[in-house]
Amino acid sequence: MKAGKDGLDLLQEIDRLAQIPWQEIPKADLESRLKWIGVFFRKRTPGYFMMRVRLTGGRATAAQFRALADIAERLGNGVVEITTRQQVELRAFQVKDVPEIFEKLKGVDLNSLQTGMDNIRNVNTCPLAGLTRHELLDAFPVTQELTRIFLGNKEFTNLPRKCNVTITGCLENCTHAETQDVCMTPAAREADGSPVSGFNLSVGGKMGSGGMTAAVPLNVFVSPGDAARLAAEVILLFRDEGPRGETRARVRLAFLVEAWGAATFRRALEDRWGKPLAEAGRDVRFSRHADHMGVTPQKDGRSAVGQCVPVGRVNDKHLREWARLAETYGTGQIRLTTGQNVVLPDVPKDKVTALLEEPFLQEFQPDPHPVQRGLVSCIGTDYCNLALIETKGIAKTLAETLAKTLPPDLPPVTMYWSGCAAACGNHQAADIGFQGIKASVDGKVVDAVHIFAGGHTGPDARPGEKIMELVPVDMLPEVLPALIKNLPMLKKIRRDTEAEKRVLMIPMEAVYE
Ligand code: HEM
Ligand code: SF4
């Protein structure tokens, strides 16, 4: 399909496709190639498409939020999903309206190109890049440069599979960098007797395709000036050498790294680069994690105010309110996090209290209960035909119930939900992860989850381990308080040995005890 015609060619064809009934669009264009231009056929709602809009590093402006709100309200169903790739999905569009949507997006310097299928997805970085005191360097310009290199460039549109990239200078591990195909994290080195800041490079991380795999360090240090081009070379190496003949579940970059090993991969990359690559620098990250919620002092004395959006689903009216707040209290800037949350930066100190008192900050709170703060969920049955269970509603209601009964001073807990094994909700990267499944109880099919625990990214990244299977969703209000109370034990799971892991499956009775 990819060899037959480049998906980007649909940019030239979209005006024509917009004029014919969607049923007459050839199947490969309809269900696949349209995703190269950010238009997603949804089997659950035939004729009504989802659109994904790229927000590099999670950055947006008030004007962009208003444009997105207009598009969602006037041409879609008003629903806006903030995703774990710091971008947005809008719903229920007809192909006839896509040319108009493209014009509107272009007017505010946005686009939806290459946001699905075998493309380089939205490039992630710390949402407080350039602002937080806890960063080695501002990686946002690198994410922008990389995006400029590949966007609209057919050199990058026939990859074996999708490619996720995170480039971050944040010391507080606020993105799940190690789950990415290309992962650059802050590092320091000596060059010609003086210290230099840059990134260490790891490759081959993933979430799905058989479970979470942490990216493998390549023993490479790269300066900020070279980082975007080096990331592009890694991706071109994947394009040229990555496996293609096998099932799609076996063709992520991780499998090339596994087949070659880090040393061979490094040599091949060095050959492409054309000069010696520096050895890895000192990993300067802290072990702690930040979610950038609440009030964070910026380097320049102003503050960034992070608002929790449990499970990330909002609507056009919410976007307009964020636009208003960003202009009233900040500089019109808005940033999205990989936790599906929103940050309003650049708030002068004397305006912080007034912002915190706005009614909208009672709805999307800067300091919610820990069980709500770390909540992430994929799309689920509402719109995703692969989903085995509804996710967002269950996750949100459950967290609200737990927040009423569990103490507000609980240690932080992340709870991530995926509606199926594809793992779009990153469930193996959470303290407690849920993977949707169907179970049979007394001959009746019910919604259930496999529960994972101890998932972790950062310097000691480890996938969560499955600790319970086929737990009916209805039982979660009873099961979860016990699990959360035992969080220190669950977090320790990642440090256990292979032999100990085998006895980790917790029988239900033990949870009740
Ligand atoms: C077999 C593999 C996979 C399939 C078939 C799949 C399918 C999907 C579908 C259908 C959606 C959109 C649902 C909607 O909004 O209507 C989606 C969204 C998403 N998926 Fe996956 N997915 C897969 C693997 C993954 C993996 C491994 C990740 C990484 C964690 C991931 C991350 C995401 C994210 C972040 C979104 C939200 C949109 C975005 O920001 O790009 N997916 N996926
Ligand atoms: S994890 Fe499964 S249910 Fe959730 S969005 Fe991905 S494919 Fe759909």
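Residues numbered from 1 in each chain as written. Chains lettered and ligands numbered in written order. Predicted model: local features only at pLDDT ≥ 70, side-chain atom pairs only at ≥ 80, totals over all residues.

### Concerning the site of ligand 2
In the vicinity of ligand 2, 13 residues are found, and the nearest of them are Cys378, Cys384, Ala387, Gly419 and Cys424. Among the residues making up the shell around ligand 2, the classes are represented as nine nonpolar, four polar and no charged. (Near = placed C-beta within 6 Å. Nonpolar A, V, L, I, M, F, W, Y, C, P; charged D, E, K, R; others polar.)

### A few points about the sheet that holds strand 17 (residues 415–418)
Strands sit in the order 16-17-18-19-20 across an open sheet of five strands; the sheet is mixed. Edge strands, defined here as strands with exactly one partner in the open sheet, are strand 16 (375–377) and strand 20 (465–472). On average, adjacent strands in this sheet sit at an angle of 25 degrees to one another, irrespective of strand direction. As paired elements, strand 18 (residues 432–441) and strand 19 (residues 444–453) share 10 bridges and run antiparallel to each other. Within strand 19, the residue paired with isoleucine 432 across the bridge is alanine 453. (Pairing = 2+ DSSP bridges. Helix = DSSP H or I, 4+ residues; strand = E, 2+ residues; numbered from the N terminus. Axes fitted to C-alpha atoms, helices over the stretch in contact; angles between N-to-C directions.)

### Some thoughts on the packing of helix 3 (residues 62–75) against helix 4 (residues 98–107)
Packing of helix 3 against helix 4 brings their axes to within 10 Å, and their N-to-C directions diverge by 165 degrees. By the angle between their axes, helix 3 is roughly antiparallel relative to helix 4. Between helix 3 and helix 4 the crossing geometry is right-handed. Side by side, helix 3 and helix 4 meet where Ala67, Asp70, Ile71 and Leu75 of the first sit next to Ile101, Lys104, Leu105 and Gly107 of the second. Of the residues in the contact of helix 3 with helix 4, the class split is five nonpolar, one polar and two charged. (Parallel < 35°, antiparallel > 145°, perpendicular 65-115°, else oblique. Left-handed = near helix turned anticlockwise from the far one by under 90°. Contact = placed C-beta atoms within 7 Å.)

### Regarding the nonpolar core
Ranked by size, the top nonpolar core spans 143 residues in total, and within it Leu68 and Ala231 carry the most contacts. Residue contacts for alanine 231: discarding those within four places in its chain leaves Leu146, Val165, Ile167, Val182 and Met184. (Core = buried A, V, L, I, M, F, W, Y, C linked by C-beta atoms within 7 Å. Buried ≥ 20, exposed ≤ 12 C-beta atoms within 10 Å, placed from the backbone.)

### Quick look at the site of ligand 1
Residues in close proximity to ligand 1 total 19 residues, the closest being Thr83, Arg85, Met207, Gly208 and Cys424. For the shell around ligand 1, a count of residues per class yields nine nonpolar, five polar and five charged. Counting only domains with at least three residues in the shell around ligand 1, you end up with domain 1 (1–114 + 291–367) and domain 3 (373–512). (Domains from an automatic or database assignment.)

### Overview of the sheet that holds strand 4 (residues 79–82)
Here five strands make up an open sheet; going across it, the order is 1-2-5-4-13 and the pairing antiparallel. Each edge of the sheet is formed by a strand with only one pairing partner; in this case those strands are strand 1 (39–40) and strand 13 (313–315). In terms of strand pairing, strand 4 meets strand 13 through three bridges, oriented antiparallel. Bridge pairing links glutamate 81 to arginine 313 in strand 13.

### Some remarks on the domain arrangement of the protein chain
Annotation of the protein chain at the domain level lists domain 1 (1–114 + 291–367), domain 2 (140–283) and domain 3 (373–512). Taking the mean C-alpha position of each, domain 2 and domain 3 sit 30 Å from one another. Counting residues at the interface gives 11 residues for domain 2 and 10 residues for domain 3. For the side of domain 2 that touches domain 3, the class distribution of residues is four nonpolar, five polar and two charged.

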